[in-house]
Amino acid sequence: MPQGHRIRLGRLFGIPVEITPSWILLSILVVWSFWARYTTVFHHRSDGVAVAMAVAATIILLGSILLHELGHAVMGRARKLRVSAITLYIFGGATTASDPTNPLDEFLFTLIGPTVNLVLALGLWGATGLADGANLAAIAQVTGEAAWLNLLLGGFNLVPAAPLDGGHLLEAVAWRITKDRPRAIRISARAGAGLGGGLIGLGVLELLMVRGGLVEGLWLGLIGYMLFEGARSEATRAWVEQVLKGKPASVLLTEHAAPVTSDTSVGWLVNSEFARHHVDAVPVEDHGHTVGMVLAADALAVPERQRLHTTAGDVMRPMSSLPQEPSDADALEILRLLSDHPLVALVGADQHVIGAVSQRQVGMVLERLHYLAADNPTWTHS
Ligand SMILES: [Zn+2]
């Protein structure tokens, strides 16, 4: 999934809708390419009509992508997944949701997206028929093309290869049959790597063999590359799921954090705790009870000359504001929580906090496990 800066547009059904700056660039490009097309198709009309048609076609196309994602989001909610955001970026969109815990949830959550496009295609063809009947050629042109694009969107997304929706459908079916999710993800990732590689090959062929095939060849290659990369990260996901399956959350802690008292200076924490240990947060205990945690990021945010006079109690976050899990909870559940929270505190058997797991720590632990797993095929590593 694309990272980086996002702009919040608003909420739909309570779900935040965000765009990346690349999306704005895409919208301008799409308007321009529709306009270029309509000025040739409708050369006898005024420029104003072509511009209006291009804008309308762009709104329908980008709206269709948004509705596809909204379909995933609403279905995700209905299947009790935690849906956190819809992001629109240059090649479509993504709905961020917690991992489904059974094949049926994954199947339904995925299937709704392409279904929305196929239904939209039918609706748009209906509208085209009406516009044709009323002799509204410009409207019929726009809705007719939008119908084809929705058919293409729905159809392409149904190709059974990760990371496309079809890949997740294949994964859900394979998961149901084999009862082995990591294996199911690997099957779908292999199909994705194959499809991506095939498209890259076709792109190169087109570039070399077809006259004037430069732009199309580059597009094919780019789409192939994105599929290949997406498939690779799915394969990594399968590997992570496999190595962490059935493991306790405590394996994700690189080190147990020694508790400090609330009058400990932040200067000491930075120089002695965070500088020397692989911990991202330290528990603060008063009278034998954990009252909060000091996050390394919060401690480092205190200006250097004030650190000696600032205490752990000044900068700590109260335990009530941090997600907590028992140290023997499922490690995969901690990964799920980390998609919504910067860190998760782990509570030991004696009710004392033994440390906090962060994305950074998970990365270090996985790297370590990967290094130790000699039989692991290297291509699953990203
Ligand atoms: Zn989708």
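Bear in mind that the values here come from a model prediction, so they are computed numbers and not experimental data.

### Focus on the overall build of the protein
Of the regular secondary structure elements, the protein holds twelve helices and ten strands. Counting only C-alpha atoms, the protein reaches 85 × 45 × 45 Å along its principal axes. Scored against the burial criterion, the 382 residues of the protein give a buried share of 45%. Across the protein, the fraction of contacts at a sequence separation of at least 24, relative to all contacts at a separation of at least 6, is 62%. Total accessible area on the protein stands at roughly 19700 Å², and carbon and sulfur atoms take up 64% of it.

### Concerning the nonpolar core
By size, the foremost hydrophobic cluster in this structure holds 23 residues, and its most contacted members are Trp23, Phe34, Tyr38, Met53, Ile86 and Leu88. Of all the secondary structure elements, the ones that give two or more residues to this core are strand 2 (15–19), helix 1 (21–41), helix 2 (47–78), strand 3 (83–89) and helix 4 (137–157). Sorting elements by how many residues they give to this core places helix 2 first, with nine residues. In this view, Trp23 contacts Leu62, Leu88 and Tyr89; residues no more than four positions away in its chain are not counted. Core analysis: the next-biggest nonpolar cluster, separate from the first, contains 20 residues, Trp239, Leu338, Val344 and Leu366 among them.

### Details of the pairing of strand 2
Burial analysis of strand 2 places five of its five residues in the buried class, the great majority of the element. A two-sided burial pattern is seen for strand 2, the buried positions comprising Ile15, Val17 and Ile19 on one face and Pro16 and Glu18 on the other. Of the strand pairs in this sheet, strand 1 (residues 7–12) and strand 2 are connected by five bridges, and their pairing is antiparallel. Within strand 2, the residue paired with Arg8 across the bridge is Glu18. Hairpin connection of strand 1 to strand 2: two residues between the antiparallel strands, including Phe13 at a positive phi of 50°. One ladder, built from three bridges, connects strand 2 with strand 3; its direction is parallel. Within the sheet, the bridge partner assigned to Ile19 lies in strand 3 and is Leu88.

### Details of the coordination of the zinc ion
Tetrahedral coordination by four donors sets the ideal angle at the metal to 109.5 degrees; octahedral coordination by six donors sets it to 90 or 180 degrees. Of the protein atoms, only His68 (NE2), His72 (NE2), Asp165 (OD) and Asp165 (OD) coordinate the zinc ion, at distances of 2.0 to 2.7 Å. Going along the chain, you hit the donors of the zinc ion in the pattern H-x3-H-x92-D. Placement of His72 in helix 2 and of Asp165 in helix 5 (residues 165–178) is noted, with a sequence separation of 93 residues between them. Note on His72: relative accessible area 5%, which makes it buried. Look at Asp165 and you get buried, because its relative accessible area is 10%.

### Structural notes on the sheet that holds strand 5 (residues 281–286)
A sheet is described by the order of its strands in space; here three strands give the open sequence 5-6-7, paired in antiparallel fashion. The sheet is open, and its two edges are formed by strand 5 and strand 7 (317–318), each paired on a single side. Examined bridge by bridge, strand 6 (residues 289–295) and strand 7 share two bridges and lie antiparallel to one another. Following the sheet pairing, Met293 is matched in strand 7 by Arg317. Sitting on the sheet, helix 8 (residues 266–274) touches strand 5 and strand 6, and the angle it makes with strand 5 is about 125°.

### Let's talk about the packing of aromatic side chains
The full count for this structure, using the stated rule, is two aromatic pairs. The interplanar angle of 10° and the centroid separation of 5.9 Å between the aromatic rings of Phe34 and Tyr38 together place this pair among those described as stacked. Of this pair, Phe34 and Tyr38 both sit in helix 1, separated by four residues, roughly a single helical turn. Here the two residues Phe34 and Tyr38 agree in accessibility, since each one is buried. Aromatic pair Trp125 and Trp148: ring centres 5.2 Å apart, planes at 85°, arrangement edge-to-face. Here Trp148 lies in helix 4 and Trp125 lies in helix 3 (residues 103–133), a separation of 23 residues in the sequence. The exposure class assigned to Trp125 is partly exposed, which follows from its relative accessible area of 31%. Arg181 extends its terminal NZ or CZ atom over the ring of Trp175, reaching a point 4.4 Å from the ring centre.

### A short note on the side chain of Glu106
Tracing the chain through its elements places Glu106 in helix 3. With near-sequence residues (within four places) excluded, Glu106 lies in contact with Pro100, His168, Glu171, Ala172, Trp175 and Arg181.

### Observations regarding the domain arrangement of the protein
Here the protein is described as being made up of domain 1 (7–158) and domain 2 (249–372). Here the C-alpha centre of domain 2 lies 43 Å away from the C-alpha centre of domain 1.

### Re the environment of Glu234
With respect to the helices and strands, the residue Glu234 is situated in helix 7 (residues 214–244). In this structure, the C-alpha to C-alpha distance between Glu234 and Gly196, residues 38 residues apart in sequence, is 13 Å. For Glu234, the residues in contact, after removing those within four places along its chain, are Ala162, Pro163, His168, Glu171, Ile185 and Ala189.

Each value, and the rule that gives it
Residues numbered from 1 in each chain as written. Predicted model: local features only at pLDDT ≥ 70, side-chain atom pairs only at ≥ 80, totals over all residues. Heavy atoms only, no water. Helix = DSSP H or I, 4+ residues; strand = E, 2+ residues; numbered from the N terminus. Buried < 20%, exposed > 50% of the residue type's maximum accessible area, 1.4 Å probe, protein only. Contact = heavy atoms within 4.5 Å. Areas by Shrake-Rupley, 256 points an atom, 1.4 Å probe, with all protein chains shown as cover. Core = buried A, V, L, I, M, F, W, Y, C linked by side-chain atoms within 4.5 Å. Pairing = 2+ DSSP bridges. Donors = N, O, S within 2.8 Å, 3.2 Å for Na, K, Ca; no water. Axes fitted to C-alpha atoms, helices over the stretch in contact; angles between N-to-C directions. Phe/Tyr/Trp six-rings, centres within 6.5 Å; stacked < 30°, edge-to-face > 60°. Lys NZ or Arg CZ within 6 Å of the ring centre and 35° of its normal. Domains from an automatic or database assignment.

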